[in-house]
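Structural description and commentary
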Amino acid sequence: MNAGAAMDAPFFERLYARSPDPWRFEGSWYEARKRALVLASLPRQRYGAAFEPACANGGLTAPLTTRCDRLLACDTAAPAVHATRERLAGQTHVECVQAWLPEQWPHGRLFDLVVLSEFLYYLAPPALDALLHALRASLLPHGTVLACHWRHPIPDCALDGDAVHACLHAGLALPRVLEVRDVDFRLDVWCAGPSAAGLEHRLE
């Protein structure tokens with residue numbers, strides 16, 4: 001993340017210096033349930049090329065590998081990138097890189113799936129606007145965007161999960177095909193392509 005972000009890169013490096021799992025993903029039923037809902041919410045069984053920014057230690061990246069022909073993951077923190085690479089060692093269709101967003105968002109129309117999990121509220125509003133512009137430019141026609149964010153207040157963050165998803169809905173200008181409001185998190189999917197039933201010609 002850049003200097004315009006609510007939290008800068010050293011903030012996340014310090015988090016990982018204190019713990020290899022700063023958000024307590026490992027061994028959490030809450031996180032396992034949320035991951036299962038994320039995966040079940042994807043309207044397609046398989047995607048050609050996916051992007052997961054802010055992958056943390058790869059807990060969601062790992063199951064996403066089974067749904068994509070190619071998967072690019074990134075994080076601003078070097079320990080997170082290292083942990084994800086170790087977790088996915090031998091998965092030749094997966095790449096994990098260190099990147100600051102939105103400046104280093106990949107260029108070109110590349111992805112038919114972008115997964116935004118638990119990170120957009122760490123961006124200041126101008127950086128979020130820039131990321132939305134980059135996201136739209138990188139999304140293939142009929143591509144899917146999935147976002148999942150914590151709904152409770154986060155210290156020093158300008159936006160909570162509900163506000164982030166409102167910004168996404170306005171900025172993406174795509175149909176929202178799924179909306180889940182758990183008491184703890186928000187999960188939304190946007191896609192201009194056919195629904196899961198439509199893909200199987202069940203609407204004819």
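Here goes a summary of the coordinates provided. Predicted model only: the values in this text are computed from it and were never measured.

The rules behind these values
Residues numbered from 1 in each chain as written. Predicted model: local features only at pLDDT ≥ 70, side-chain atom pairs only at ≥ 80, totals over all residues. Heavy atoms only, no water. Helix = DSSP H or I, 4+ residues; strand = E, 2+ residues; numbered from the N terminus. Rg over C-alpha atoms; globule rule 2.2 N^0.38 Å. Buried < 20%, exposed > 50% of the residue type's maximum accessible area, 1.4 Å probe, protein only. Contact = heavy atoms within 4.5 Å. Areas by Shrake-Rupley, 256 points an atom, 1.4 Å probe, with all protein chains shown as cover. Lys, Arg positive; Asp, Glu negative; His and termini not counted. Charge placed at Lys NZ, Arg CZ, Asp CG, Glu CD. Pairing = 2+ DSSP bridges. Axes fitted to C-alpha atoms, helices over the stretch in contact; angles between N-to-C directions. Core = buried A, V, L, I, M, F, W, Y, C linked by side-chain atoms within 4.5 Å. Polar contact = N/O pair within 3.5 Å; in protein donor to acceptor, adjacent residues only side chain to side chain. Expected span 1.5 Å × (residues − 1). Arc of directions from axis to C-beta.

A word on the overall build of the chain. Looking only at helices and strands, the chain features seven helices and seven strands. Along its sequence from the N terminus, the chain presents helices and strands in the succession α-α-β-α-β-α-β-β-α-β-α-β-β-α. Radius of gyration (C-alpha) of the chain: 16 Å, near the 17 Å computed for a compact globule of 204 residues. By its C-alpha atoms, the chain is 55 × 40 × 35 Å across when sized along the principal axes. Counting all 204 residues of the chain, 50% fall into the buried class. Looking at the chain alone, contacts between residues at least 24 apart form 65% of all its contacts between residues at least 6 apart. Here the chain has roughly 9,700 Å² of accessible surface; of this, 56% comes from carbon and sulfur atoms. Separation between the mean location of the 19 positive side-chain charges and that of the 23 negative ones in the chain comes to 3 Å.

Taken in spatial order, the seven strands of this open sheet run S3-S2-S1-S4-S5-S7-S6, and their pairing is mixed. A single partner strand is all that each edge strand has here, and the edge strands are strand S3 (94-98) and strand S6 (176-181). If you compare each strand with its neighbour and ignore which way they point, the axes differ by 10 degrees on average. Two elements, S6 and strand S7 (residues 185-191), share five bridges in a ladder whose sense is antiparallel. Bridge assignment links Val180 to a residue of S7, and that residue is Leu187. Across the sheet, helix H4 (residues 78-87) lies against strand S2 (68-75) and S3, angled at about 165 degrees from S3, the strand it touches most.

Within strand S1 (residues 47-52), five of the six residues are buried, which leaves it mostly tucked inside the rest of the structure. Where S1 lies against S2, five bridges are found, and the strand directions are parallel. Among the inter-strand pairings, Tyr47 is bridged to a residue of S2, identified as Cys68. Of the pairings in the sheet, the one linking S1 to strand S4 (residues 111-117) comprises two bridges and is parallel in character. Looking across to S4, one finds that Phe51 is bridged to Val114.

Right, let's talk about the environment of Gly143 for a bit. With respect to the helices, strands and loops of the structure, Gly143 is situated in strand S5 (residues 139-150). Residue classification places Gly143 among the buried positions, given a relative accessible area of 3%. Separated by 37 residues in the primary sequence, Gly143 and Pro106 place their C-alpha atoms 16 Å from one another. Residue contacts for Gly143: discarding those within four places in its chain leaves Arg44, Asp112, Trp190, Cys191 and Ala192.

Judged by nonpolar contacts, the single largest core of 39 residues is most densely connected at Trp105, Leu116, Phe119, Leu120 and Leu168. For this core, the secondary-structure elements that each account for two or more residues are helix H1 (9-18), S1, S2, S4, helix H5 (125-138), S5 and helix H6 (161-172). Here this core takes six residues from H5, the largest share from any one element. Counting 18 residues, the second largest nonpolar core, distinct from the first, contains Leu42, Cys68, Val94 and Leu113.

The next thing to look at is the side chain of Arg44. Mapping Arg44 onto the fold places it in the loop between helix H2 (29-41) and S1. Only 2.5 Å separates the side chain of Arg44 from the backbone oxygen of His142, close enough to count as a polar contact. In contact with Arg44, other than residues within four places in its own chain, are Arg67, Asp112, His142, Gly143 and Leu199.

With that out of the way, let us pick up H5. Across its 14 residues, H5 extends 20 Å between first and last C-alpha, which sits within 8% of the 20 Å expected from 1.5 Å per residue. Turning to H5, its buried residues are Ala127, Leu128, Leu131, Leu132, Ala134, Leu135 and Ser138. Here the buried residues of H5 occupy an arc of 165 degrees about the axis, which is enough to place them on one side. Residues Pro126, Asp129 and His133 are exposed on H5 and point more than 90 degrees away from its buried face. Check the buried side of H5 and you find it contacts S4, S5 and H6.

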